[in-house]
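Okay, here's what each chain looks like letter by letter:
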Amino acid sequence: MTSARKKATLNLIDKHVGGRLRMRRMMLDMSQEKLADAFGITFQQVQKYEKGTNRISAGRLQHAANLVPVQFFFQGAPVGSGTQPDGSARSPAYVSEFVSSSDGLRLIKAFTRIESGVRRRIVDLVQEIAAADGE
């Protein structure tokens, strides 16, 4: 693997891990300031972690394990072959981005409170709307 390609892959992983940190923080309704206090850093550093601008150290990941198991941060992380270590396919980037957005988290939280039969009908409705928009 070339140096540039290796750096790009590491950058994708940094962004993925940072996005997962953001998703978990938002799922816990925790502010960046509160997370920063828990980590003993500034909220600006949390912002850099969440954007993948700065790499989260192994020590910080271990500290974050108080919030969630460390493997959570790597679920769905990009690997060279386009598959996960268990052989399953990765989620497209847009899925991870949506799920970790504030709208995505709000939708997921509300959706999971709906009875499963109604959820299926909602999915059918959304698919019909999406198909109509594609025409």
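Residues numbered from 1 in each chain as written. Predicted model: local features only at pLDDT ≥ 70, side-chain atom pairs only at ≥ 80, totals over all residues. Heavy atoms only, no water.

### Structural notes on the nonpolar core
Alright, step 1. L21, L35, F39, I41, I56 and F73 are the most contacted members of the largest nonpolar core, which has 18 residues in total.
Alright, step 2. Elements with a contribution of two residues or more to this core: α1 (3-27), α2 (32-39), α3 (43-51) and α4 (58-64).
Alright, step 3. If you tally residues by element for this core, the top one is α1, at four residues.
Alright, step 4. With residues near it in sequence (within four places) discarded, L35 still touches L21, R25, M30, V46, E50 and L67. (Core = buried A, V, L, I, M, F, W, Y, C linked by side-chain atoms within 4.5 Å. Buried < 20%, exposed > 50% of the residue type's maximum accessible area, 1.4 Å probe, protein only. Helix = DSSP H or I, 4+ residues; strand = E, 2+ residues; numbered from the N terminus. Contact = heavy atoms within 4.5 Å.)

### Regarding α2
Alright, step 1. Three or more residues of α2 are buried, namely Q32, L35, A36 and F39. Around the axis of α2, the buried residues are gathered within 100° of arc, so they sit on the same side. Exposed and facing more than 90 degrees away from the buried side of α2 are K34 and D37.
Alright, step 2. Note on α2: the residue one or two positions beyond its end, G40, has a positive phi of about 75°. (Arc of directions from axis to C-beta.)

### What to know about the pattern of salt bridges
Alright, step 1. One pass over the full model with this rule turns up four salt bridges.
Alright, step 2. The partner of D14 in a salt bridge is R55, with the nearest N and O atoms 3.1 Å apart. Residue D14 is found in helix α1, and its partner R55 is found in the loop between α3 and α4; the two are separated by 41 residues along the sequence.
Alright, step 3. Residue D14 is classed as buried on the basis of its relative accessible area, which comes to 14%.
Alright, step 4. Across the salt bridge formed by D29 and K109, the nearest N and O atoms sit 3.4 Å from each other. Remark: K109 occurs in helix α6 (residues 102-111) and D29 occurs in the loop between α1 and α2; sequence separation between them is 80 residues. (Salt bridge = Lys/Arg side-chain N within 4 Å of Asp/Glu carboxyl O.)

### Observations regarding α3
Alright, step 1. Among the residues of α3, V46, Y49 and E50 are the ones counted as buried. Summarising the axial view, the buried residues of α3 lie within an arc of 95°, below the 170-degree limit, and thus occupy one face.
Alright, step 2. Once α3 ends, the next one or two residues include G52, with phi positive near 80°.

### Some words on the confidence of the model for the protein chain
Alright, step 1. Mean pLDDT for the protein chain: 81, with 81% of residues reaching 70 or above.
Alright, step 2. Within the protein chain, helix α5 (residues 93-99) has the poorest average pLDDT of any element, 74, and α3 the best, 93.
Alright, step 3. Scored below 50 in pLDDT, residues 81-88 makes 10 contacts in the model with residues more than four places away or belonging to other chains. (pLDDT = per-residue confidence, 0-100.)

### Here's the deal with the environment of E33
Alright, step 1. Tracing the sequence through the fold places E33 in helix α2.
Alright, step 2. For E33, a relative accessible area of 41% translates into the label partly exposed.
Alright, step 3. Between the alpha carbons of E33 and Q44 there is a distance of 8.7 Å; along the sequence they are 11 residues apart.

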